[in-house]
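Structural overview
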Amino acid sequence: VSDVSRVFTSAGKSVAALEHVTFDIQAGNFVSIVGPSGCGKSTLLKILSGLLPASSGTVAVNGQAVRGPLENVGMVFQAPVLLKWRSVVGNILLPVEFARLDIPSHTERTKALIKLVGLEGFEEMYPHQLSGGMQQRASLCRALVTDPQLLLMDEPFGALDAMTRDELDMELLRIWEERKKTVLFVTHSIQEAVFLSDVVF
Ligand code: ADP
Ligand code: MG
């Protein structure tokens, strides 16, 4: 991330969400970004993933400039953003369909992920039948189903109760260690950041 700034203009007012942000992340590291609400964390992740353009500055992943949505990246948003007309399994398999990958060969993996996050028995339920925490677990499975190298996570467990959050933090660490992923994790919990990370910004 090199000298990235982002200005939002709405109703004649402009907000500088990010100003001259520069940092590097090493492949395989678990990196957290900690900051108060409104300091530009979500904006930064959206720019990194190619969902939102920067006003100035550049972002590169694996040496390639980001100019649009990236492949091989999993994103967990602050809100679950599930498709309400699709079941849990249908939502989790969405990235598989978008990437035109084979669905049967991802079925075992989907099952394992559902078990990992404790959603067994809810596979055929629809988002409105789930609690907020359960929806966020489904969105975590969706981010992991294609086994992406880079995981961008925006306060993924912030809405969960403290015990479930600790449990999912542990699972995330295990996944990261086993699969040698690079994780960029946004949180407002200093404790969570210190517990999880190699590097904290
Ligand atoms: P954080 O994730 O750290 O809480 P955000 O990145 O969501 O912060 O927002 C940073 C600032 O940018 C806030 O002041 C917010 O109001 C503003 N902002 C974010 N997205 C938009 C948008 N789409 N339009 C206008 N302002 C925005
Ligand atoms: Mg945010």
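**A look at the sheet that holds strand 9 (residues 182–187)**
Reading across from one edge, 7-8-9-3-10 is the order of the five strands in this open sheet, with parallel pairing throughout. Of all the strands in the sheet, the pair left with one neighbour each is strand 7 (73–76) and strand 10 (199–200). Pairing between strand 8 (residues 150–154) and strand 9: five bridges, direction parallel. Bridge pairing in strand 9 places M153 opposite F185.

**Considerations on the site of ligand 1**
In the vicinity of ligand 1, the contacting residues are F8, S10, V15, A17, P36, S37, G38, C39, G40, K41, S42 and T43. Within the backbone of G38, one N or O atom sits 2.7 Å away from an oxygen atom of ligand 1. One nitrogen or oxygen atom from the side chain of T43 is found 2.6 Å from an oxygen atom belonging to ligand 1. Of all the secondary-structure elements, those providing two or more residues to the shell around ligand 1 are strand 1 (2–10), strand 2 (13–21) and helix 1 (41–49). It is helix 1 that contributes the most residues to the shell around ligand 1, three residues altogether. Its residues assigned to classes, the shell around ligand 1 comprises five nonpolar, six polar and one charged.

**Section: the layout of surface pockets**
One number sums up the size of the largest pocket: a volume of about 670 Å³. In this structure, the largest pocket is lined by 20 residues; those nearest its centre are L70, V73, M75, P95 and F98. At the level of elements, strand 7, helix 3 (94–98) and helix 5 (132–144) are the ones that each hand at least two residues to the lining of the largest pocket. Across the lining of the largest pocket, the residue classes tally to 14 nonpolar, four polar and two charged. A volume near 540 Å³ is recorded for the second largest pocket. Together, 23 residues line the second largest pocket, and I25, A60, V61, N62 and L150 are the ones closest to its centre. Within the residue set of the lining of the second largest pocket, elements represented by two or more residues are strand 5 (60–61) and strand 9. The residue inventory of the lining of the second largest pocket, partitioned by class, reads twelve nonpolar, nine polar and two charged.

Rules and cut-offs
- Numbering of residues starts from 1 in each chain and follows the order in which that chain's sequence is written.
- Chains and ligands are labelled sequentially in the order written, the chains with letters from A and the ligands with numbers from 1.
- Only residues with pLDDT of at least 70 get local features here, since the model is predicted, and only at 80 or more are side-chain atom pairs given and counted; chain-wide, interface and lining totals rely on the full set of residues.
- With hydrogens and water excluded, all non-hydrogen atoms of the structure serve as input to the side-chain values.
- Two strands are counted as paired when DSSP detects at least two bridges linking them.
- The helix and strand labels rest on DSSP assignments: H or I over at least four residues marks a helix, E over at least two residues marks a strand, and numbering proceeds from the N terminus.
- In this text, near means that some heavy atom of the residue lies within 4 Å of the molecule or strand in question.
- Whenever two N or O atoms come within 3.5 Å, that pair is a polar contact, provided that in protein one can donate a hydrogen and the other can accept it, and provided that, for residues adjacent in sequence, both atoms are side-chain atoms.
- Basically, the charged four are Asp, Glu, Lys and Arg, the nonpolar ten are Ala, Val, Leu, Ile, Met, Phe, Trp, Tyr, Cys and Pro, and anything else, Gly included, counts as polar.
- A pocket, in this scheme, is an open set of points on a 1 Å grid over the protein atoms alone with protein on both sides within 12 Å along at least 5 of 7 lines, while a cavity is a set where a 1.4 Å probe fits but cannot get out; residues line either one if an atom lies within 4 Å of a point.
- Grid points are joined across faces, edges and corners, and a volume is the space filled by probe spheres set on the points.

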